[in-house]
Amino acid sequence: MKFPRVLPAMRFLLLAVLLLFPISARAETVMFRADSMTGTSGKGGDYARLTGNASITTESVEIFADTIELSGKDYRYIKATGNVSGTNIKEKIDFTCAEMHYDRELRLSSMQDTVHLVDRANETVANAQLMEYDEKSGSVVMQISVAMQQKDNVCTGSYAIYNTKTRKLFLSGNPQIVQGTDTFRAQEIVLDLDTNEVTLDGRVRGAVRREDE
């Protein structure tokens, strides 16, 4: 089966086609739109390429990009490139990046190049060059130029693991946490976002300032 190429002027026709022929896999419907689309479907696997103002929506995520590719059995894998943005609908997490890979079966996201993530449920904003998000466990692994802010906590390092469900943050790679006028440094830092409790391990340093009463 070959998908037709859709010209920009016929974009409204593509939406009509999508309403009639959604992609269903494992009881999940995938809806998409774009200026143009090409692809194949067969025993060797399914493939579709959406180009120009591309978007795709599943039960879990909504993704916008310049180009989106779907591949694998039942279009399991999604690759988005160019001005990528979107939302994890169930977890209320927004994101932007230059490139994203998403496994619909495992619910795993891999994002790279100036990744910006907003966890609206936990009032947390994070930036890094690489992020991997496991929707099932709530774990976000961040690498390179990590910076995260949650209320009065400003956290930086080169490697971090943030769990959206347990609300705990692990930092390493010259990590630092600033809480108002207080600064904490160590080889490894763990922050409990609920209690603001900081655990430091290895070469502990810091500065705590208290105003005179």
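> Which residues make up the overall build of the protein, and what values go with them?
Each helix and strand in the protein was counted, giving 1 helix and 17 strands. For the protein, the proportion of its 213 residues judged to be buried stands at 42%. Long-range contacts, defined as pairs at least 24 residues apart, comprise 35% of the intrachain contacts of the protein with a sequence gap of at least 6. Looking at the protein as shown, the accessible area adds up to about 11,400 Å², and 52% of this sits on carbon and sulfur atoms.

> Which residues make up the pattern of salt bridges, and what are the values?
Using the criterion set out here, one finds 7 salt bridges in the structure. A salt bridge links E105 to R76, with the shortest nitrogen-to-oxygen separation between them at 3.6 Å. Note that E105 is positioned in the loop between β7 (93-103) and β8 (108-119) and R76 in the loop between β5 (61-72) and β6 (77-88), a separation of 29 residues in sequence. Residues joined by salt bridges that share partners form a network here, namely R76, D103 and E105.

> If you had to explain the confidence of the model for the protein to someone new, which residues and values would you point to?
The pLDDT averaged across the protein works out to 85; a share of 85% of its residues lies at or above 70. Confidence drops under pLDDT 50 across residues 1-25; counting only partners more than four residues distant or on other chains, this segment forms 43 contacts.

> Any details on the side chain of S55? Residues and values, ideally.
Looking at the secondary structure, you find S55 in strand β4 (residues 45-57). Each residue touching S55, except ones within four places of it in the same chain, is listed here: M31, F32, R33, L50, I63, F64 and I68.

> Let's hear about the environment of L130: which residues, and what values?
Relative to the helices and strands, L130 resides in strand β9 (residues 124-134). The exposure class assigned to L130 is partly exposed, which follows from its relative accessible area of 31%. Aside from chain neighbours lying at most four places away, what touches L130 is M111, Q112, V115, V141, M142, Q143 and I144.

> Just give me the short version of the environment of V30, but keep the residues and values in it.
Here V30 lies in strand β2 (residues 28-33). You can call V30 buried: its relative accessible area is 0%. Taking the C-alpha atoms as reference, V30 lies 7.7 Å from E59; in sequence the two are 29 residues apart.

> Tell me about the nonpolar core, residues and numbers included.
In terms of nonpolar packing, the biggest core is built from 43 residues, with I63, I68, M100, M131, M142 and L169 touching the most fellow members. Non-local contacts of M131, meaning those with residues more than four positions away in its chain, are made with S109, S110, M111, V115, L117, A126, V140, V141 and M142.

> An account of empty space enclosed by the protein is needed here, citing residue identities and associated values.
The tally for this structure, following the rule as stated, stands at 1 cavity of 30 Å³ or more. Its boundaries defined by the atoms lining it, the largest cavity holds a volume of some 50 Å³. Forming the boundary of the largest cavity are V61, N88, I93, F95, M100, S109, M111, L117 and Y133. Those elements giving two or more residues to the lining of the largest cavity turn out to be β7 and β8. Grouping the amino acids of the lining of the largest cavity by side-chain chemistry returns 7 nonpolar, 2 polar and no charged.

About the criteria used
Residues numbered from 1 in each chain as written. Predicted model: local features only at pLDDT ≥ 70, side-chain atom pairs only at ≥ 80, totals over all residues. Heavy atoms only, no water. Helix = DSSP H or I, 4+ residues; strand = E, 2+ residues; numbered from the N terminus. Buried < 20%, exposed > 50% of the residue type's maximum accessible area, 1.4 Å probe, protein only. Contact = heavy atoms within 4.5 Å. Areas by Shrake-Rupley, 256 points an atom, 1.4 Å probe, with all protein chains shown as cover. Salt bridge = Lys/Arg side-chain N within 4 Å of Asp/Glu carboxyl O. pLDDT = per-residue confidence, 0-100. Core = buried A, V, L, I, M, F, W, Y, C linked by side-chain atoms within 4.5 Å. 1 Å grid on protein atoms, 1.4 Å probe; cavity = no way out; pocket = protein on both sides within 12 Å on 5 of 7 lines; lining within 4 Å. Points joined across faces, edges and corners; volume = space filled by probe spheres on them. Nonpolar A, V, L, I, M, F, W, Y, C, P; charged D, E, K, R; others polar.

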